[in-house]
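# Analysis of the macromolecular model
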Amino acid sequence: MKETKLISSIQNPLVKKILLLKEKSRERKKTGLFIVEGLREIELAQKGGFILETILFCPEILTDFAVHPVLKNPNVEIIQISSPVYEKLAYRETTEGVLAIAKSKGHSLEKVTFKNDHPLILVAEAPEKPGNIGALLRTADAAAVDAVFIANPKSDIYNPNIIRSSVGCVFTNQIGAGTTEEIIHFLKEKEIRVYCAALTASKNYVDCNFKGATAIVVGTEATGLTEAWLQNSDQNLIIPMQGEIDSMNVSVSAAILIFEAKRQRGF
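Here is what the cut-offs are and how they apply
Residues numbered from 1 in each chain as written. Predicted model: local features only at pLDDT ≥ 70, side-chain atom pairs only at ≥ 80, totals over all residues. Heavy atoms only, no water. Pairing = 2+ DSSP bridges. Helix = DSSP H or I, 4+ residues; strand = E, 2+ residues; numbered from the N terminus. Axes fitted to C-alpha atoms, helices over the stretch in contact; angles between N-to-C directions. Contact = heavy atoms within 4.5 Å. Salt bridge = Lys/Arg side-chain N within 4 Å of Asp/Glu carboxyl O. Core = buried A, V, L, I, M, F, W, Y, C linked by side-chain atoms within 4.5 Å. Buried < 20%, exposed > 50% of the residue type's maximum accessible area, 1.4 Å probe, protein only. Right-handed = clockwise from strand over helix to strand, strands pointing away. Expected span 1.5 Å × (residues − 1). Polar contact = N/O pair within 3.5 Å; in protein donor to acceptor, adjacent residues only side chain to side chain. Phe/Tyr/Trp six-rings, centres within 6.5 Å; stacked < 30°, edge-to-face > 60°. Lys NZ or Arg CZ within 6 Å of the ring centre and 35° of its normal.

### Describing the sheet that holds strand 3 (residues 52-57)
Spatially, the five strands line up as an open sheet ordered 1-4-3-5-2, and their pairing is mixed. The open sheet is flanked by strand 1 (5-7) and strand 2 (33-37), the only strands paired with a single partner. The sheet shows a mean angle of 25° between the axes of neighbouring strands, direction not considered. Where strand 3 lies against strand 4 (residues 77-81), four bridges are found, and the strand directions are parallel. Residue pairing for strand 4: Leu56 is matched across the bridge by Ile79. Each of strand 2, strand 3 and strand 5 (98-103) is contacted by helix 3 (residues 39-47), which is oriented at about 25° to strand 5, the strand it contacts most.

This is the structure in structure tokens:
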């Protein structure tokens, strides 16, 4: 491993910069930078084409860092940090002793491309809880969907909670973001059928045909989808409930619907 400098003071300017990036969405948006924590997440970010500026590691925790694959990129600055500094910076209590500063990507719909003419897309309208967004991204990765669209996003995609709860799947999915109207226009223009998870005028999800170009749209657990989606839905669908409640966690519902589509497509 090339010679690295050591940061041992929490008053170091770089440490203060990292804390701002971790805690402030405004700072992430202004600088175009965000923090990735954990070996797996850093590896997935690199695999996903994200540019890393700096990797910081605590040698007391990550003792074999010198031979780890994340060091193979010669363009990344490597910095050692002391245990007190790492404890100040780390988002998770149990982690591998490494984090990185990375450059964010744009997520405009114009950048979204498909490898076939029958893409499968997961759309989430106005998801608020980072944990739910992370879980949706994990489902999307597990099913290898062609894209995830976030309509009217409430959280920036590089929120540390989203990165953590997605276990790095924020880097493995093709993500597009826009208003509900922009995404509806995109789907209609591409002739992608819209299936909305809704309680009214709905069809049992197992009776729907998801083999063609398909967008499965889910809303918030509290209010569901807005009227714009319901008016532009090709078919509303429902997951029959057999208990006392009439809905499930949005990420669970999305997983059921997405994997039914994958089953129909022969996985």
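### As for the pattern of salt bridges
Summed over the entire model, instances satisfying the criterion amount to five salt bridges. The partner of Lys5 in a salt bridge is Glu77, with the nearest N and O atoms 3.9 Å apart. With Lys5 in strand 1 and Glu77 in strand 4, the pair connects residues that are 72 residues apart, well separated along the chain. Residue Arg263 pairs with Glu260 through a salt bridge whose shortest N-O separation is 2.8 Å. Of this pair, Arg263 and Glu260 both sit in helix 9 (residues 250-264), three residues apart, roughly one helical turn.

### A short note on the nonpolar core
Nonpolar side chains in soluble globular proteins tend to end up buried together. Formed by 49 residues in total, the largest nonpolar core has its most connected members in Phe34, Ile55, Leu137 and Phe171. If near-sequence neighbours (up to four positions away) are discounted, Leu137 is found in contact with Val148, Ile157, Ile162, Ser166, Cys169, Val170, Asn173 and Ile175.

### As for the pairing of strand 6 (residues 120-125)
Within strand 6, six of the six residues are buried, leaving the element largely enclosed by the surrounding structure. Side chains Leu120, Leu122 and Ala124 of strand 6 all project onto a buried face; the interleaved residues Ile121, Val123 and Glu125 project onto the opposite face, where all are buried too. Both strand 6 and strand 11 (residues 214-218) contribute to a ladder of five bridges, which runs parallel. In the sheet register, Ile121 faces strand 11, and the bridge partner there is Ala215. Pairing geometry for strand 6 and strand 7 (residues 147-151), over five bridges, is parallel. Pairing of Ala124 across the sheet is with Ile150, part of strand 7. Of the crossover connections in this fold, the one passing from strand 6 over helix 5 (residues 130-143) to the parallel strand 7 is right-handed.

### Overview of helix 5
With 14 residues, helix 5 should cover 20 Å at 1.5 Å per step; its first-to-last C-alpha distance of 20 Å lies within 8% of that length. Those residues of helix 5 not exposed but buried are Pro130, Asn132, Ile133, Gly134, Leu136, Leu137, Thr139, Ala140 and Ala143. Where the residues of helix 5 are buried, they touch strand 6, strand 7, helix 6 (160-165), strand 8 (175-178) and helix 9. Positioned one or two residues after helix 5, Ala144 has a phi angle of 50°, which is positive.

### A few points about the side chain of Glu37
Its place among the elements puts Glu37 in strand 2. Within polar-contact distance, the side chain of Glu37 engages the backbone nitrogen of Tyr91 at 2.6 Å.

### Some remarks on the packing of aromatic side chains
Following the criterion strictly, the structure yields eight aromatic pairs and no others. Aromatic pair Phe34 and Phe50: ring centres 6.0 Å apart, planes at 85°, arrangement edge-to-face. Placement of Phe34 in strand 2 and of Phe50 in the loop between helix 3 and strand 3 is noted, with a sequence separation of 16 residues between them. Geometrically, the ring pair formed by Phe50 and Tyr158 is edge-to-face, given 6.2 Å between the ring centres and 75° between the ring planes. Here Phe50, found in the loop between helix 3 and strand 3, pairs with Tyr158, found in the loop between strand 7 and helix 6; they are 108 residues apart in sequence, far enough to count as distant. Classification of Tyr158 by relative accessible area gives buried; the value is 6%. Among the aromatic residues, those joined into a ring-pair cluster are Phe34, Phe50, Tyr158 and Phe171. Over the aromatic face of Phe50 sits the side chain of Lys105, whose NZ or CZ is 4.4 Å from the ring centroid.

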